[in-house]
Amino acid sequence: MPDALTSYFLFLAEGVTVVALLATLGVALVTLGRPRKPRSRLRVKNVSEHYDHLHDRLAEAVLPKAARKERRRARRRPTGERPRVFVLDFHGDLRASRVKGLREEITAVLGLATPDDEVVVRLTNPGGAVSDQGLAASQLQRVRHRGVPLTVCVDTVAASGGYMMACVAGRIVAAPFAVVGSIGVVSSVPNFHRLLDRLGIDVEQFTGGQYKRTVTMFGRNTDADRAKVTEQVNEIHDLFKDFVHEQRPGIDLERVATGEYWYGTDALELNLVDELSTSDDYLLRARERADLFEVSYTVPRSRVRQLTEAGQAAVARLR
């Protein structure tokens, strides 16, 4: 009898275990199959309130009570809805990886913004790959095409692909020592042919199409190869110049499309920018006529991606 009871309880335990496992599996499948609510990565910060907080904290520390009351009365907003200024930040790298967040931010803003509002982009971009920088500039064009005023503020650098983005704006505001311009194209490829030849290593390359591959890293490059790449670089430069001229027809391209860069004061004289000011001062002035909202969209990144982008940004700063 004891053996029979033992066998019975073992059988019962096994049955319960199997049932529990099946139930857990069923719950997991139901959970995975259930549509998830999209987690919003869009963040909106009321910059107007932030500025008010800073000013109020200082006023409470230095002004007498009567002066504080008078200040609060003078700061009261008029009734009715005020225009809005949507503030976006773009920190560029070689591949303009920030464009993924920028497209979401602009999509969100264009769902609400009107021609009475304004979009301000605080731009920091030393340039990079043509196609990636061009896509970033195209995102800003979406704002202009919808008739919403667009201002780009450059505090440190908007060069090459960065200026391609900046020139889309109806107004470019630059700090006095911001680096602006570099309307040019560069292409460089290291070549290891002589080293491989010395080591007795051959590299075989097979292509379909006369210009499928011209200058290479491992093969022998000919003068014809170099001439073709130079031709392609010049074609890209012409496209770049045409784009800048279309956005800012008042620029003397013969003077500025040399690949050189200028600091803010000289850039103003060359019509590369419209105003000398930091983004902080520009937004403080805008605060007097509109409510300010900082809009940001976070794109999840892996550790490897973060390290890669940090390395790209370091290389870009050395260019």
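Overview of the structure. Quick caveat, the model's predicted, so the values are computed rather than measured.

1. Focus: the pairing of strand β4 (residues 150-159)
Summarising burial for β4: eight of the 10 residues are buried, a large majority. Where strand β3 (residues 118-125) lies against β4, six bridges are found, and the strand directions are parallel. In the strand pairing of β4, V121 is matched with V152. Following the backbone out of β4, through helix α6 (residues 161-166) and into the adjacent parallel strand β5 (residues 171-174), one traces a crossover that is right-handed. As defined by bridge partners, β4 adjoins strand β6 (residues 179-181) across three bridges and the pair is classed as parallel. Within β6, the residue paired with A158 across the bridge is V180.

2. Considering the pattern of salt bridges
Evaluated as defined, the whole model comprises 14 salt bridges. Across the pair D89 and R122 runs a salt bridge whose closest N-O atoms are separated by 2.7 Å. Remark: R122 occurs in strand β3 and D89 occurs in strand β2 (residues 84-91); sequence separation between them is 33 residues. Judged by relative accessible area, which is 19%, R122 ranks as buried. The closest approach of N and O atoms between R122 and E294, which form a salt bridge, is 2.9 Å. Note that R122 is positioned in strand β3 and E294 in strand β9 (residues 291-297), a separation of 172 residues in sequence. Here E294 falls in the partly exposed class, since its relative accessible area comes to 22%. Sharing partners across several salt bridges, the network here consists of E81, R84 and D117.

3. Considerations on the packing of helix α2 (residues 47-62) against helix α11 (residues 279-287)
Contact geometry of α2 with α11 gives a least axis separation of 11 Å together with a crossing angle of 95°. Relative to α11, the element α2 is oriented roughly perpendicular. Within the contact between the two elements, α2 uses S48, Y51, D52 and H55 and α11 uses D280, L283, L284 and R287. Here the residues of the contact of α2 with α11 are counted per class, giving three nonpolar, two polar and three charged.

4. Notes on the nonpolar core
V121, L140, Y163 and L272 are the most contacted members of the largest nonpolar core, which has 47 residues in total. Considering every element that reaches this core, the biggest residue donor is helix α4 (residues 99-110), with five residues. With residues up to four places along the chain from it excluded, the contact list for V121 reads L88, F90, L140, L150, T151, V152 and C153. Ranked by size, the runner-up nonpolar core spans 12 residues in total, among them C153, Y282, L283 and A286.

5. Topic: the environment of G128
Considering the arrangement of structural elements, one finds G128 in the loop between β3 and α5 (130-145). Its relative accessible area of 25% is what places G128 among the partly exposed residues. Residues G128 and A159, spaced 31 residues apart in sequence, show a C-alpha to C-alpha distance of 9.3 Å.

Analysis parameters
- Residues numbered from 1 in each chain as written.
- Predicted model: local features only at pLDDT ≥ 70, side-chain atom pairs only at ≥ 80, totals over all residues.
- Heavy atoms only, no water.
- Buried < 20%, exposed > 50% of the residue type's maximum accessible area, 1.4 Å probe, protein only.
- Helix = DSSP H or I, 4+ residues; strand = E, 2+ residues; numbered from the N terminus.
- Pairing = 2+ DSSP bridges.
- Right-handed = clockwise from strand over helix to strand, strands pointing away.
- Salt bridge = Lys/Arg side-chain N within 4 Å of Asp/Glu carboxyl O.
- Axes fitted to C-alpha atoms, helices over the stretch in contact; angles between N-to-C directions.
- Parallel < 35°, antiparallel > 145°, perpendicular 65-115°, else oblique.
- Contact = heavy atoms within 4.5 Å.
- Nonpolar A, V, L, I, M, F, W, Y, C, P; charged D, E, K, R; others polar.
- Core = buried A, V, L, I, M, F, W, Y, C linked by side-chain atoms within 4.5 Å.

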